[in-house]
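Overview (structure and organization)
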Amino acid sequence: MMKNKGIAESQIKWKINSGNSSFWWDDWLGEGPLASYCTHVTSLNTTKISQFLVGGTWNETMVRQWVPPLLVPKILSFPIHYQEQIPDEAIWKLTVDGLFSCSSAWEIIRHKGTKSIINKGIWHRHLPFKISFLAWRALRNKLPTNEKITSFGKEAARCSCCYRTGEDNIDHIFVSGHFANNIWSFASAAAGIQHHYIPINMLLLRWWRHEHKSEVQNLLNQLLPVIIIWNLWKNRCAAKYGAKHPVQLESNF
Ligand SMILES: [Zn+2]
């Protein structure tokens, strides 16, 4: 039930009118509930968006006081269409007019299908639990990346793959970073799969849907990208916390 709710919510964008939505618990910003970024917000918190507004626009002082610094610019640039009597509106991202339609419902089902393909792929029976679990956390942005850590107000540490500050987020560690990109290019070439930058979930789908000539090849296409994700994380942590040189892929799986 909660899972389906999450899927539906990812298809909704919010139009803030009177600000009657829950500031902490509705996913109006599109980053998940803001409460999940804070330790001071309980599930009983009923603060509404309107309480963070003044004169129909954001109360910047209050936003800065309560919200992790990383999210502040995004919130302050989130448009408010202030109309006192009009409740906030949920807009379907999938239709041009933002109204629910049969085709948008179909899109959601399709989207759900994609999600379940990804879940099925990650939790492959030939993969050890720790590898599946790591990939599952990566796809839900539930790993302690620098980006996550700074959202709690800590200072950005340098990235372990290219030694730049603050670049260490899920996308950088697993796909777009210099090191990750090299690994994917190399593995893709070996598997006969074209590689250019796409988000991590699309990248997995591309591998899993790649045509295969044998079952062995198919199995490799299913398992390898998840194992690469595991190794990229292991490598990143070894480079960050251990003495290991970062540009050296571990493959002791
Ligand atoms: Zn980097």
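Residues numbered from 1 in each chain as written. Predicted model: local features only at pLDDT ≥ 70, side-chain atom pairs only at ≥ 80, totals over all residues.

Looking at the overall build of the protein
We apply this condition: Runs of E in the DSSP output that reach at least two residues are strands. Runs of H or I that reach at least four are helices, and both are numbered from the N terminus. Residue burial here comes from a neighbour count, namely the number of other C-beta atoms, placed from the backbone, that lie within 10 Å of the residue's own C-beta, with 20 or more meaning buried, 12 or fewer meaning exposed, and in between meaning partly exposed. By the convention adopted here, residues are in contact when the distance between their C-beta atoms, placed from the backbone, does not exceed 7 Å.
What the protein contains, in helices and strands, is 10 helices and 4 strands. Secondary structure elements of the protein occur, N-terminal to C-terminal, as α-β-β-β-α-α-β-α-α-α-α-α-α-α. Buried positions account for 20% of the 253 residues belonging to the protein. In the protein, the share of contacts with a sequence separation of at least 24, taken over all contacts with a separation of at least 6, comes to 57%.

Things to note about the packing of helix α5 (residues 129-139) against helix α10 (residues 215-241)
Between two packed helices, the angle of one axis relative to the other and the distance separating the axes together describe the packing. Just so we agree on the cut-off: Every angle, taken between N-to-C directions, lies between 0 and 180 degrees, and every axis is a line fitted to C-alpha atoms, over only the stretch in contact when it is a helix. Just so you know how the angles are binned, under 35 degrees is roughly parallel, over 145 roughly antiparallel, 65 to 115 roughly perpendicular, and the rest oblique. Basically, the charged four are Asp, Glu, Lys and Arg, the nonpolar ten are Ala, Val, Leu, Ile, Met, Phe, Trp, Tyr, Cys and Pro, and anything else, Gly included, counts as polar.
Orientation of α5 relative to α10, taken along the N-to-C sense of each, is 80 degrees, at an axis distance of 9 Å. Taken together, the axes of α5 and α10 lie roughly perpendicular to each other. Contact residues: α5 offers I131, L134, A135 and A138, while α10 offers V226, I227, I229, W230 and W233. For the contact of α5 with α10, the per-class residue count stands at 9 nonpolar, no polar and no charged.

What to know about the environment of V41
As for its position among the elements, V41 is in the loop between β1 (12-15) and β2 (53-54). In this structure the C-alpha to C-alpha distance between V41 and W25, which are 16 residues apart in sequence, comes to 9.4 Å.

Some details on the nonpolar core
Counted only if it meets this: Residues enter a nonpolar core if they are buried, belong to Ala, Val, Leu, Ile, Met, Phe, Trp, Tyr or Cys, and are joined to the set through C-beta atoms within 7 Å.
A135, A138, F174, I200 and I229 are the most contacted members of the largest nonpolar core, which totals 25 residues. Elements supplying a minimum of two residues to this core: α5, α7 (170-176), α8 (178-191), α9 (200-208) and α10. The dominant element in this core, judged by the number of residues it contributes, is α10, at 6 residues. In terms of nonpolar packing, the next biggest core, distinct from the first, is built from 7 residues, F23, W28, L34 and V67 among them.

Things to note about the packing of α9 against α10
At a closest axis distance of 8 Å, the pairing of α9 and α10 adopts a crossing angle of 155 degrees. With respect to α10, the axis of α9 lies roughly antiparallel. Between α9 and α10, the contacting residues are L203, L204, W207 and W208 on the first element and N221, Q222 and P225 on the second. Class assignment of the residues belonging to the contact of α9 with α10 gives a composition of 5 nonpolar, 2 polar and no charged.

Looking at the environment of M62
Inspection of the secondary structure puts M62 in helix α2 (residues 60-66). Once the C-alpha coordinates of M62 and Q51 are considered, the two residues, 11 residues apart in sequence, prove to be 9.2 Å apart.

Regarding α10
An α-helical segment advances 3.6 residues per turn. Residues three or four places apart therefore align on the same side. Where we set the bar: The length a helix should cover is 1.5 Å for every residue beyond the first.
Between the first and last C-alpha of α10 there are 39 Å, a value that for 27 residues agrees with the 39 Å anticipated at 1.5 Å per step. Among the residues of α10, those classed as buried are N221, Q222, P225, V226, I228, I229, W230, L232, W233, N235 and R236.

Re unusual backbone geometry
For N141, which is not a glycine, the phi torsion comes out positive at approximately 55 degrees. Mapped onto the elements of the fold, N141 is located in the loop between α5 and α6 (146-150). Accessibility expressed as a C-beta count within 10 Å gives 15 for N141, which makes it partly exposed.

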